[in-house]
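Examining the three-dimensional arrangement
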Amino acid sequence: MQEVIQTNVSRHHDNVLQVVQSYYQLTKPRIILLLLITTAAGMWLAAKGEVDPLLLLVTLTGGALASGSANTINCLYDRDIDYIMERTRWRPLPSGRVKPVDALIFAIALAIASFTLLTVFANLLTALLALSGIVFYVLIYTHWLKRHSVQNIVIGGAAGAIPPLVGWAAVTGDLSWSAWLLFAIIFLWTPPHFWALAMMIRDEYKEVGVPMLPVIEGDEITAQQIWIYSLILVPSTLLLVYPLHTSGFVYAAIALILGGIFLQKAWQLLQSPSERNTARSLFKYSILYLMLLCAGMVVDSLPVTQNMVMAVSESLPLGFL
Ligand code: HEM
Ligand SMILES: CC(C)=CCC/C(C)=C/CC/C(C)=C/COP(=O)(O)OP(=O)(O)O
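Cut-off values and rules
Residues numbered from 1 in each chain as written. Chains lettered and ligands numbered in written order. Predicted model: local features only at pLDDT ≥ 70, side-chain atom pairs only at ≥ 80, totals over all residues. Heavy atoms only, no water. Near = heavy atom within 4 Å. Polar contact = N/O pair within 3.5 Å; in protein donor to acceptor, adjacent residues only side chain to side chain. Helix = DSSP H or I, 4+ residues; strand = E, 2+ residues; numbered from the N terminus. Nonpolar A, V, L, I, M, F, W, Y, C, P; charged D, E, K, R; others polar. Domains from an automatic or database assignment. Contact = heavy atoms within 4.5 Å. Salt bridge = Lys/Arg side-chain N within 4 Å of Asp/Glu carboxyl O. 1 Å grid on protein atoms, 1.4 Å probe; cavity = no way out; pocket = protein on both sides within 12 Å on 5 of 7 lines; lining within 4 Å. Points joined across faces, edges and corners; volume = space filled by probe spheres on them. Donors = N, O, S within 2.8 Å, 3.2 Å for Na, K, Ca; no water. Areas by Shrake-Rupley, 256 points an atom, 1.4 Å probe, with all protein chains shown as cover. Buried < 20%, exposed > 50% of the residue type's maximum accessible area, 1.4 Å probe, protein only. Phe/Tyr/Trp six-rings, centres within 6.5 Å; stacked < 30°, edge-to-face > 60°.

Structural notes on the site of ligand 1
Lining the immediate environment of ligand 1, one finds 19 residues, of which Arg 30, Arg 87, Arg 91, His 193 and Phe 194 sit closest. Arg 30 places a polar side-chain atom, nitrogen or oxygen, 2.9 Å from an oxygen atom of ligand 1. The side chain of His 193 places a nitrogen or oxygen atom 3.1 Å from a nitrogen atom of ligand 1. Mapped onto the shell around ligand 1, the elements with two or more residues apiece are helix H2 (29–46), helix H7 (152–160), helix H9 (177–200) and helix H13 (276–301). At five residues, H9 tops the list of elements feeding residues into the shell around ligand 1. The residue makeup of the shell around ligand 1, split by class, is twelve nonpolar, four polar and three charged. If you count residues domain by domain, the shell around ligand 1 takes at least three from each of domain 1 (19–173) and domain 2 (176–308).

Description of the domain arrangement of the protein chain
How large an interface is tends to be reported as the accessible area lost when its parts come together. Parsing the protein chain into structural domains produces domain 1 (19–173) and domain 2 (176–308). Put simply, the middle of domain 1 and the middle of domain 2, counted by C-alpha atoms, are 21 Å apart. Contacts between the two partners involve 33 residues from domain 1, matched on the other side by 37 residues from domain 2. The interface formed by domain 1 and domain 2 contains zero salt bridges.

Things to note about the layout of surface pockets
Space inside the second largest pocket adds up to approximately 200 Å³. Around the second largest pocket, the lining comprises 13 residues; the ones closest to its centre are Leu 45, Lys 48, His 245, Thr 246 and Ser 247. For the lining of the second largest pocket, the secondary-structure elements that each account for two or more residues are H2 and H13. Its residues assigned to classes, the lining of the second largest pocket comprises three nonpolar, eight polar and two charged. Taken domain by domain, the makeup of the lining of the second largest pocket includes at least three residues from each of domain 1 (19–173) and domain 2 (176–308).

Section: the coordination of the iron atom of ligand 1
A lone protein donor binds the iron atom of ligand 1: His 193 (NE2), at 2.2 Å. On the secondary structure map, His 193 appears in helix H9.

A word on the site of ligand 2
Taken together, 17 residues lie near ligand 2, and Asn 74, Arg 87, Arg 91, Tyr 141 and Lys 146 sit nearest. Between an oxygen atom of ligand 2 and a side-chain N or O atom of Lys 28, the distance comes to 3.2 Å. Its free accessible area being 630 Å², ligand 2 has 89% of it covered by the protein chains. Only helix H3 (53–77) and helix H6 (124–145) provide two or more residues apiece to the shell around ligand 2. In terms of residue count, H3 provides more of the shell around ligand 2 than any other element does, five residues in total. Its residues assigned to classes, the shell around ligand 2 comprises nine nonpolar, four polar and four charged.

Re unusual backbone geometry
Following Tyr 242, the chain continues to Pro 243 via a peptide bond in cis, the omega torsion being 10°. Relative to the helices and strands, Pro 243 is located in the loop between helix H11 (213–238) and helix H12 (249–271). Of note, the phi angle at Lys 28 is positive, near 50°, even though the residue is not glycine. Locating Lys 28 in the fold gives a position in the loop between helix H1 (2–26) and H2. Positive phi is not limited to glycine here, since His 245 has a value of about 55°. Inspection of the secondary structure assignment puts His 245 in the loop between H11 and H12. Judged by its relative accessible area of 60%, His 245 is exposed.

Focus on the packing of aromatic side chains
Under the definition given, this model contains ten aromatic pairs. Summarising the aromatic geometry, the rings of Tyr 137 and Tyr 141 are spaced 5.6 Å apart at their centres and angled 10° between planes, so their arrangement reads as stacked. Linking Tyr 137 with Tyr 141, this pair stays in helix H6, spanning four residues, or about one helical turn. By the burial criterion, Tyr 137 is buried, and Tyr 141 matches it. Ring pairs connect the aromatic residues Trp 180, Phe 183 and Phe 187, which therefore count as one cluster.

Put into structure tokens, the structure is as follows:
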């Protein structure tokens, strides 16, 4: 008897865990992590290296709730094609672990929680920006463009570029040129990030009729487009140093090195567009690139770094600069 009760309790435990896990997966948590890193970078730049820890916690939580809501609605909308594609078949909705109506309630709850948290503890602009991220991602990208335009992720990518604006607005209550430059950097980063992946899984998108660039135009044109966006992206990251003067030498050095590697990988892909491993390498690197670029912005903005740069520059004969 004792044993039966114990088995039932542990089975119940496993079930609860599985349900929690399924809802967690609906939010696409690994993507949220990078979105939050870009939000944090926006906060550090806006606060010139000294961020209020409580505001950081509130903003990242609000941002995570908003992105989780957007991703859940995307999973709900795309469940038909996700069921067909190998890569996405295991997701909670196509595999039947979560009911569509429950996913919708979950997404609405997340959006309301995000909006309330950000309005009360940050400001209205921050809350509205996060909400606009959800609306743009769901309506413009998922509903309007994803299945109908070959430019889907170029325009739709604007949603993924909103998180640093959220971070900036949380600190200052408004948006500046530097905030919009962060937006532009992620906007330009998205096509190489996504098209490199799309080149690897072109056949799956073709099967479900999603008009991704490699499906419609082929590998060569896609590699060319990736190269063009990369060529604009890397110099753009340096505008933060000049003329905006928001970041300094440390960031400039990091951005140059990271950008050099990005261009090298994009160049390799341009040379051999149908090489899957080259595309995979660029896709993986794109994620590391954005993480480290944001880390570079944060490190550069810290008072300790600024003091060190000042000390070094004073001890060097750099009067001509
Ligand atoms: C329209 C814009 C974008 C599209 C279409 C897109 C698409 C994708 C896809 C299809 C994957 C593979 C995910 C999977 O296997 O389930 C992926 C991975 C990823 N994306 Fe994007 N992405 C976009 C923008 C972004 C943005 C703005 C960020 C963050 C700043 C981001 C961060 C990531 C990360 C971190 C991964 C790896 C996730 C993992 O480890 O599984 N993406 N992206
Ligand atoms: C401020 C705020 C809330 C912003 C939200 C922006 C957001 C959630 C961006 C995510 C971008 C992304 C993961 C696209 C996946 O595309 P997909 O649906 O084509 O990928 P799939 O084929 O894997 O489903």
